[in-house]
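Notes for the structure review
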Amino acid sequence: MAKEVTKREENYSQWYNDLALKADLAEQSAVRGCMVIKPYGYAIWEKMQGLLDGMFKQTGVQNAYFPLFIPKSFFSREAEHVAGFAKECAVVTHHRLMNDPDGKGVVVDPSAKLEEELIVRPTSETIIWNTYKNWITSWRDLPILCNQWCNVVRWEMRTRLFLRTAEFLWQEGHTAHATSQEAEAKAFEMVQVYAKFAREVMALPVIVGHKSPNERFAGALDTLTIEAMMQDGKALQAGTSHFLGQNFAKSFDVQFTNKEGKQEYVWATSWGVSTRLMGALIMAHGDDNGLVLPPKLAPIQVVMVPIFKTEEEHNAILDRMYEIKKKLEAMGHSVKVDDRDTLRPGFKFAEWELKGVPVRIAMGARDLAAGTVEVARRDTLTKETYAVEGIESHIHQLLDDIQENIYNKAVAFRESHIEKCDSWDEFKEKIGTGKFLLCHWDGTAETEQAIKDATKATIRCIPIDTCVCEEEGVDIFSGKPSHRRVVFAISY
RNA sequence: CGGGGUGUGGCGCAGUUGGCUAGCGCAUCUGGUUUGGGACCAGAGGGUCCUGUGUUCGAGUCACAGUACCCCGACCA
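The structure presented is a predicted model; accordingly, all values stated were derived computationally and were not measured. (Residues numbered from 1 in each chain as written. Chains lettered and ligands numbered in written order. Predicted model: local features only at pLDDT ≥ 70, side-chain atom pairs only at ≥ 80, totals over all residues. Heavy atoms only, no water.)

1. Some words on the nonpolar core
- Ranked by internal contacts, the top residues of the largest apolar core, which has 67 residues, are Met48, Phe162 and Met230.
- A total of 10 residues in this core trace back to one element, the largest contributor, which is helix H6 (residues 180-201).
- In this structure, methionine 48 is in contact with Phe197, Met202, Leu277, Met278, Leu281 and Leu297, ignoring residues within four places of it in sequence.
- Grouped together as the second largest cluster of nonpolar side chains are 26 residues, Ile70, Phe252, Val266 and Ala268 included. (Core = buried A, V, L, I, M, F, W, Y, C linked by side-chain atoms within 4.5 Å. Buried < 20%, exposed > 50% of the residue type's maximum accessible area, 1.4 Å probe, protein only. Helix = DSSP H or I, 4+ residues; strand = E, 2+ residues; numbered from the N terminus. Contact = heavy atoms within 4.5 Å.)

2. A look at the sheet that holds strand E5 (residues 91-94)
- Pairing is antiparallel in the open sheet, where 3 strands are placed in the order E4-E8-E5. For this open sheet the edge positions go to strand E4 (69-71) and E5, each flanked by a neighbour on one side alone. Sheet twist, expressed as the average angle between the axes of neighbouring strands with direction ignored, equals 40 degrees. (Pairing = 2+ DSSP bridges. Axes fitted to C-alpha atoms, helices over the stretch in contact; angles between N-to-C directions.)

3. Brief notes about the sheet that holds strand E21 (residues 382-387)
- The sheet built from 5 strands is open, its strands ordered E18-E17-E19-E20-E21 with mixed pairing. Two strands close off the open sheet at either side, each with one partner strand: strand E18 (335-337) and E21. In this sheet, neighbouring strand axes are inclined to one another by 25 degrees on average, regardless of whether the strands run parallel or antiparallel.
- Looking at chain direction, strand E17 (residues 302-306) and strand E19 (residues 359-363) are connected through 5 bridges and run parallel. Among the inter-strand pairings, valine 303 is bridged to a residue of E19, identified as arginine 360.

4. Regarding the layout of surface pockets
- In this structure, the largest pocket encloses a volume near 1500 Å³.
- Taken together, 48 residues make up the lining of the largest pocket; nearest its centre are Arg154, Arg164, Gln237, Arg276 and Tyr492.
- Among the elements of the structure, helix H1 (12-22), helix H4 (79-85), strand E10 (167-177), strand E13 (235-245), strand E16 (267-274), helix H14 (445-455) and strand E24 (458-463) are those that each provide at least two residues to the lining of the largest pocket.
- For the lining of the largest pocket, the class distribution of residues is 13 nonpolar, 18 polar and 17 charged. (1 Å grid on protein atoms, 1.4 Å probe; cavity = no way out; pocket = protein on both sides within 12 Å on 5 of 7 lines; lining within 4 Å. Points joined across faces, edges and corners; volume = space filled by probe spheres on them. Nonpolar A, V, L, I, M, F, W, Y, C, P; charged D, E, K, R; others polar.)

5. As for the packing of aromatic side chains
- Taken as a whole, this structure holds 15 aromatic pairs when the rule is applied.
- A ring pair is formed by tryptophan 424 and phenylalanine 477, whose centres lie 4.8 Å apart and whose planes are at 80 degrees; its orientation type is edge-to-face. In this pair, tryptophan 424 is assigned in helix H13 (residues 424-430) and phenylalanine 477 in the loop between strand E25 (470-474) and strand E26 (481-489), connecting sequence segments 53 residues apart.
- Residue classification places tryptophan 424 among the buried positions, given a relative accessible area of 18%. (Phe/Tyr/Trp six-rings, centres within 6.5 Å; stacked < 30°, edge-to-face > 60°.)

6. A few points about empty space enclosed by the protein
- In the structure shown here, the tally under the stated rule is 2 cavities of 30 Å³ or more.
- There is about 60 Å³ of room inside the largest cavity.
- Contributing to the lining of the largest cavity are Pro205, Met229, Met230, Gln231, Ala284, Ala410, Phe413 and Arg414.
- Looking at which element gives the most residues to the lining of the largest cavity, the answer is helix H12 (residues 391-415), with 3 residues.
- In terms of residue class, the lining of the largest cavity is built from 6 nonpolar, 1 polar and 1 charged.
- Estimated volume of the second largest cavity: approximately 30 Å³.

7. A look at the protein's contact with RNA strand B
- What surrounds RNA strand B is a group of 37 residues, the closest being Met157, Arg158, Arg164, Arg276 and Asp367.
- Sugar and phosphate atoms form 38% of the subset of RNA strand B atoms that lie within 4 Å of the protein.
- For RNA strand B, a sugar or linking oxygen lies 2.5 Å from a polar atom in the side chain of glutamine 237.
- The side chain of arginine 360 places a nitrogen or oxygen atom 2.4 Å from a base oxygen of RNA strand B.
- Counting residues per element, the ones that place at least two in the surface near RNA strand B are helix H10 (345-354) and helix H11 (365-370). (Near = heavy atom within 4 Å. Polar contact = N/O pair within 3.5 Å; in protein donor to acceptor, adjacent residues only side chain to side chain.)

8. Considerations on the confidence of the model for chain A
- When pLDDT is averaged along chain A, the result is 91, and 96% of the positions lie at 70 or above.
- For chain A, per-element mean pLDDT is lowest for H4, which scores 69, and highest for E19, which scores 98.
- Scored by ipTM, the complex comes to 0.83, with pTM at 0.93. (pLDDT = per-residue confidence, 0-100.)

9. Digging into unusual backbone geometry
- Omega for the bond connecting leucine 142 with proline 143 falls within 30 degrees of zero, at -5 degrees, which places this linkage in the cis form.
- Positionally, proline 143 belongs in the loop between helix H5 (125-135) and strand E9 (144-153).
- Positive phi is not limited to glycine here, since alanine 203 has a value of about 55 degrees.
- One can find alanine 203 in the loop between H6 and strand E11 (206-210).
- Judged by relative accessible area, which is 0%, alanine 203 ranks as buried.

Put into structure tokens, the structure is as follows:
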């Protein structure tokens, strides 16, 4: 069958790659560093999109769309921002192809050189702020709360399926406010939206916190993040929300007349999550049998596999299954009846497990006679037999249980891989073993850099809600006084 | 861009000190038997051995160059 997924212990990278490819989520594209998201994988992304979008709208955010191409000159407006992105951009230099005069194929027409090069957006702050300039004149125009779902391109040196591809899908929210306080509050509100989504929908426990100055987004005054732990103990930044201050407003000269009639620069935020969340899902919940999807994101929540010997038997079982399907669908669940008569049940079981379907219902001749079904849950790989009568309410409850169990399992994993650490020797020893370490830090970039150089570990965040970290102590590296612990980890 | 590795039917691989008709497993197709955890038997189809140059009577195998991909760093959502 060659469908088995590599064991996690042997090579985590390989395991992850196999899982993403074999579970039918994606495949490597012919274009370097890019990926093809297959229908099954995209269905999961669509669910994420839909649920997130609903949450955004509840906070007053509206969707809009801005151009893919950004004139090169826009990037030179915000000095810090360009330093963060200029090195890894795809650049459009020509607008026409021609037949190769020397032979076959096509070449770039040298006469079609662009006056000014266009950059394929790596993020849209610049073009959006250039646009906002036209939208904002008075305090009455504020706030502007826009989000766009789009693709962006960053020419990364090394790519990794879902986690770091040259092109990826994401949403980027960009807001404009009259006051610093309002903008900061918005940045905070949005990171909390991400945390809620991660915890309640993705069943992914995350730590919310501030980034250290070193790890901040290029051009931001403050970056808020949700940090998740993968099953190898490494950290993954799953979403960010930035308080941009007046940096972009000043670069693009976006001023408004306030209530006192004075000109003032606008305050900004931006925030985003990407298809990297798909990577988080795979790495946080997957096991050696394949993907484990939280019911709220599973494109198929319940799969039904008939077990039969004859066509009559098959049809009889399918009839019963469609009845159950109808009831479950009426309750809002997505159900698939696997009526393929060319494959054996064992094959189907393995295949749906690989794809992470939360609940499987099997029904054979014995069940048909007894009025029962076999219900298997993906998260625990356990099976139980139930009466068909009233099965739908049981399944309904079971899906909730699975959602909760997957989350609890991930929380338990994280709790067992996170600890306080107050000794530098201990830190060096433990940080490489797949743990988050809560340590005192003196707040300086120098210390952070020194620790990174020595161990590759970075400050993932200065947590604000997950653990009690406000306490006096001394920096683990420098020995200087510190008022709180921060999260150190090796990251993706 | 540095260090390492790999390119052989759709996928995964073997191929000895260069040797005669390039193999194996999976997948595919046909027929039959099967069907409560990835079926079995029989038969069939499918290859510019990454590209180029060289060495040689003879290259999948050796040399050089190029190229693609993977892994480890630096960079990053």
